[in-house]
Amino acid sequence: MSKGAFSLDRLGRMHDRLSGYVERGELPGLVSLVYRKGEVHVEAIGTQSRNV
């Protein structure tokens, strides 16, 4: 685990799992937000709409 609140390895695994939904076309896009011990991680993947 890193010295910060987040494990970069775990954030990477979360990104891989969530981006799979976009890559497979199950979702056009998504936003994830994780808060831990005063630290925030936000990530946007994909688009707002399939029509874009």
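Q: Quick one: what's the story with a nonpolar patch on the surface, residue by residue and with numbers?
A: There is a patch of nonpolar side chains on the surface, built from V31, L33, Y35, V40 and V42 and spanning about 550 Å² of accessible area. Listing elements by their share of the nonpolar patch, those giving two or more residues are β1 (29-36) and β2 (39-46). Broken down by element, the nonpolar patch gets its largest block of residues, 3 residues, from β1. Following the sequence through the fold, Y35 ends up in strand β1. Note on Y35: relative accessible area 57%, which makes it exposed.

Q: Any chance you could break down the side chain of E43 for me, citing the residues and the numbers?
A: In this fold, E43 is placed in strand β2. For E43, which is buried and forms no salt bridge, the nearest opposite charge comes from R13, at a distance of 13 Å. A polar contact is formed between the side chain of E43 and the side chain of H15, at a distance of 2.3 Å.

Q: Describe the packing of aromatic side chains, and please don't skip the residues or the numbers.
A: Enumeration according to the criterion identifies 0 aromatic pairs in this entry. Lying over the aromatic face of Y21, R24 brings its terminal NZ or CZ to 5.1 Å of the ring centre.

Scoring rules and cut-offs
- Residues numbered from 1 in each chain as written.
- Predicted model: local features only at pLDDT ≥ 70, side-chain atom pairs only at ≥ 80, totals over all residues.
- Heavy atoms only, no water.
- Patch = residues over 30% accessible without salt bridge, like charges linked within 9 Å, V, L, I, M, F, W, Y side chains within 5 Å.
- Areas by Shrake-Rupley, 256 points an atom, 1.4 Å probe, with all protein chains shown as cover.
- Salt bridge = Lys/Arg side-chain N within 4 Å of Asp/Glu carboxyl O.
- Helix = DSSP H or I, 4+ residues; strand = E, 2+ residues; numbered from the N terminus.
- Buried < 20%, exposed > 50% of the residue type's maximum accessible area, 1.4 Å probe, protein only.
- Lys, Arg positive; Asp, Glu negative; His and termini not counted.
- Polar contact = N/O pair within 3.5 Å; in protein donor to acceptor, adjacent residues only side chain to side chain.
- Phe/Tyr/Trp six-rings, centres within 6.5 Å; stacked < 30°, edge-to-face > 60°.
- Lys NZ or Arg CZ within 6 Å of the ring centre and 35° of its normal.

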